[in-house]
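Here are the chains, one letter per residue:
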Amino acid sequence: MRAAMRPPIIRTTIGSRFASTRTPATISEAITRDHRDLRKYYDEIVNNKGDFDHQDRYGNQFRWQLARHSVAEELLVYPALEEHLGEAGKARADHDREQHHKLKVLLKEFQNLNAADDAFIPKLEEIWTELTHHIEDEESKDLPDLEKALDSRPVRGSSDGSSEALARKFERTKAFVPSRSHPAAGENPYFESAVGMLAAPIDRIADLFRKFPADITDPDGSRMDTPADIKTDRRGDDGRNLCGRDVDGRDDPVVGKDRI
């Protein structure tokens, strides 16, 4: 009877070519999975030139993923580098923060562009060039050394200091941070946390009015922070859904680029 009274658990489906719903086993897996997803979104944009609707949807998905990924790294991963790798870790974290700031500034500029703008693809390629260098540094140096340091920690009745625990925190943190770039917040966790608490709800509300790919959800399978396939029943006087979709889930043709 107790089982029958439980509310049903909603599981969202994800296209197999985009992401896995399995919880990452390590922080390296969590971060590299985000990197691979960003690559897929980038390819969808640059390989579909002329299809502005498709590019705008994946452009929003790319921005959403990169913004959340960056802040989660700054709040959790870089402090972990400093804690477990000493002075060398602090130097790497500072270097990574500098790279992130450049990316945030570029992403802020990219957020103001639509696929029909001439600068859309060049700006995205500029971001990807910077991001590629950053990914290489993280995956070849930072993450392997951090994993070794975490594996060498003595376990004292708790797994809070493990790579798996850090991965879980990383995924949870992405649910509560801003989904757009805010370079003015800086990369200091204390300021970023405060600004994030203010900016995140505003970003999430604005996401309701942006177009996203219909077949992508967040890799953790959570509905609460997923912009894709959001459906609400707020209707205007003409019966249209105010969030840019018809009541049957199709895109509302009356929503123009001013809402993207």
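As recorded by an unreviewed UniProt entry, the chain carries the name Hemerythrin-like domain-containing protein and is attributed to Curvularia kusanoi.

Visitor: Run through the overall build of the chain, naming residues and quoting values.
Guide: Looking only at helices and strands, the chain features six helices and zero strands. Going residue by residue from the N terminus, the α and β elements of the chain occur as α-α-α-α-α-α. In the chain, buried positions account for 47% of the 260 residues. For the chain, the share of sequence-separated contacts (at least 6 apart) that also reach a separation of at least 24 residues comes to 67%. When the accessible surface of the chain is split by element, carbon and sulfur atoms take 54% of a total near 13500 Å².

Visitor: Please set out the nonpolar core residue by residue, giving values where relevant.
Guide: If you look at soluble globular proteins, the nonpolar side chains tend to sit buried side by side. F62, F110, I127 and L131 are the most contacted members of the largest nonpolar core, which has 23 residues in total. Put simply, the parts of the chain that give this core at least two residues each are helix 2 (27-46), helix 3 (52-111) and helix 4 (120-151). Of the residues forming this core, the biggest block, eight residues, is contributed by helix 3. In contact with I127, other than residues within four places in its own chain, are F62, L66, L103, L106, L107 and F110.

Visitor: Hey, could you go over helix 3 for me, with residue numbers and the actual values?
Guide: Here helix 3 contains 60 residues, and its C-alpha end-to-end distance of 15 Å is more than 12% below the 88 Å for a straight helix at 1.5 Å per residue. Of all the bends in helix 3, the greatest measures close to 155 degrees and is centred on G86.

Parameters at a glance
By convention here, each chain's residues receive numbers from 1 onward along its written sequence. Totals for whole chains, interfaces and linings use every residue, but because this is a predicted model, local features are given only for residues with pLDDT of at least 70 and side-chain atom pairs only at 80 or more, for both listing and counting. Think of the side-chain values as coming from all heavy atoms in the structure, minus any hydrogens and water. The way it works is that DSSP assigns letters per residue, a run of H or I at least four long becomes a helix, a run of E at least two long becomes a strand, and they are numbered from the N terminus. Relative accessibility decides the category of a residue: with a 1.4 Å probe and only protein chains considered, values under 20% of the type maximum give buried, values over 50% give exposed, and everything between is partly exposed. Should any heavy atoms of two residues lie within 4.5 Å, those residues are counted as being in contact. Residue exposure ignores everything except the shown protein chains as possible cover, and the areas themselves are Shrake-Rupley values with a 1.4 Å probe. Among buried residues, the Ala, Val, Leu, Ile, Met, Phe, Trp, Tyr and Cys ones that are joined through side-chain atoms within 4.5 Å form a nonpolar core. Residue count minus one, scaled by 1.5 Å, sets the expected span of a helix. Bend at a residue means the angle formed by two fitted axes: the first through the 7 residues ending at that position, the second through the 7 residues beginning there.

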